[in-house]
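Listed here are the chains, written in short residue letters.
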Amino acid sequence: QVQLVESGGGLVQAGGSLRLSCAASGRTSSTNVMGWFRQAPGKEREFVAAANRSGLGTYYADSVKGRFTISKDNAKNTLSLQMNSLKPEDTAVYYCAARTRPTIRAVHPSQFDYWGQGTQVTVSS
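Procedures and definitions
Residues numbered from 1 in each chain as written. Predicted model: local features only at pLDDT ≥ 70, side-chain atom pairs only at ≥ 80, totals over all residues. Heavy atoms only, no water. Core = buried A, V, L, I, M, F, W, Y, C linked by side-chain atoms within 4.5 Å. Buried < 20%, exposed > 50% of the residue type's maximum accessible area, 1.4 Å probe, protein only. Helix = DSSP H or I, 4+ residues; strand = E, 2+ residues; numbered from the N terminus. Pairing = 2+ DSSP bridges. Contact = heavy atoms within 4.5 Å. Disulfide = S-S within 2.5 Å. Axes fitted to C-alpha atoms, helices over the stretch in contact; angles between N-to-C directions. Phe/Tyr/Trp six-rings, centres within 6.5 Å; stacked < 30°, edge-to-face > 60°. Lys NZ or Arg CZ within 6 Å of the ring centre and 35° of its normal.

What about the nonpolar core?
1) Next: In this structure, Leu-4, Trp-36, Leu-81, Met-83 and Tyr-94 are the most contacted members of the largest nonpolar core, which totals 37 residues.
2) Next: Of all the elements in the fold, those that place two or more residues in this core are β1 (2-7), β3 (18-26), β4 (33-39), β5 (46-52), β7 (68-73), β8 (78-83), β9 (92-99) and β11 (119-124).

Side note on the environment of Arg-27
1) Next: Checked against the element boundaries, Arg-27 lands in the loop between β3 and β4.
2) Next: With a relative accessible area of 55%, Arg-27 lands in the exposed category.
3) Next: Through-space distance from the C-alpha of Arg-27 to that of Phe-68 is 27 Å; in sequence the pair is 41 residues apart.

Side note on the pairing of β11
Where a strand is regular, its side chains alternate between the two sheet faces.
1) Next: Taking every second residue as pointing to the same face, the buried face of β11 carries Thr-119, Val-121 and Val-123, while none of Gln-120, Thr-122 and Ser-124 on the other face is buried.
2) Next: For strand β2 (residues 10-13) and β11, the ladder comprises 4 bridges, and the chain directions are parallel. Within β11, the position partnered with Gly-10 by the bridge is Val-121.

Remarks on the environment of Val-64
1) Next: Relative to the helices and strands, Val-64 is located in the loop between β6 (58-60) and β7.
2) Next: Taking C-alpha positions, Val-64 is 9.6 Å from Ser-85, a pair spaced 21 residues apart along the chain.

A word on the side chain of Asp-90
1) Next: Looking at the secondary structure, you find Asp-90 in the loop between β8 and β9.
2) Next: Apart from residues lying up to four places away in sequence, Asp-90 is in contact with Arg-38, Arg-67, Phe-68, Ser-85, Val-121 and Val-123.

Concerning the state of the cysteines
What is meant by a disulfide is a covalent connection between two cysteines, made through their sulfur atoms.
1) Next: Under the counting rule described, the total for this entry stands at 1 disulfide.
2) Next: At a sulfur-sulfur separation of 2.1 Å, the disulfide partner of Cys-22 is Cys-96. Measuring handedness by torsion sign, the sulfur bridge of Cys-22 and Cys-96 sits at about -80 degrees and is left-handed. Of this pair, Cys-22 sits in strand β3 while Cys-96 is found in strand β9, placing the two residues 74 residues apart along the sequence.
3) Next: In this structure Cys-22 comes out as buried when scored by relative accessible area, which is 0%.

As for the sheet that holds β1
1) Next: As summarised here, the arrangement of the 4 strands in space is β1-β3-β8-β7, forming an open sheet in which the pairing is antiparallel. Lying at the two open borders of the sheet, with one neighbouring strand each, are β1 and β7. Strand-to-strand twist of the sheet, defined as the mean angle between neighbouring strand axes without regard to direction, takes the value 15 degrees.
2) Next: In terms of strand pairing, β3 meets β8 through 6 bridges, oriented antiparallel. Pairing of Arg-19 across the sheet is with Gln-82, part of β8.

Considerations on the packing of aromatic side chains
1) Next: Within this structure, the stated rule accounts for 6 aromatic pairs.
2) Next: Residues Phe-37 and Phe-112 carry aromatic rings whose centres are separated by 5.0 Å and whose planes lie at 80 degrees to one another, so their mutual orientation is edge-to-face. A residue pair is termed long-range when its members are at least 10 positions apart, and Phe-37 in strand β4 and Phe-112 in the loop between β9 and β10 (114-115) qualify at 75 residues.
3) Next: In this structure Phe-37 comes out as buried when scored by relative accessible area, which is 0%.
4) Next: Summarising the aromatic geometry, the rings of Tyr-95 and Trp-115 are spaced 6.4 Å apart at their centres and angled 80 degrees between planes, so their arrangement reads as edge-to-face. Separated by 20 residues along the polypeptide, Tyr-95 in strand β9 and Trp-115 in strand β10 bring together distant segments of the chain.
5) Next: A connected cluster of aromatic rings, assembled from ring pairs, spans Phe-37, Phe-47, Tyr-59, Tyr-95, Phe-112 and Trp-115.
6) Next: In this structure, Arg-45 is placed above the aromatic ring of Tyr-95, and the distance from its NZ or CZ to the ring centre is 3.7 Å.

Next comes the structure, spelled out in structure tokens:
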């Protein structure tokens, strides 16, 4: 089993920045891809970004490309998401996720095996 705990959410004005972190524990050696998803009220959970085991390979949703940056610190077993130029439409609960299979371009929630509890990000206009 792998446990994921997110932190760093909060309230920010449009145009501002936030940094989310995800601490992983347990059988982290079994995970090959880690990523971030988000879910706004009344909407389905959607893919945001993913990174491969080394962190050198990354993949982003078009809606956040150029504004968000995903990164990994394997020594600390943490995954981060730096979010810049935030927009009100970025408001959602953000979830950290991990999968055992190595394909980085997995964008459906069902393709991920482990999930955190989520952290709220609210962007005011």
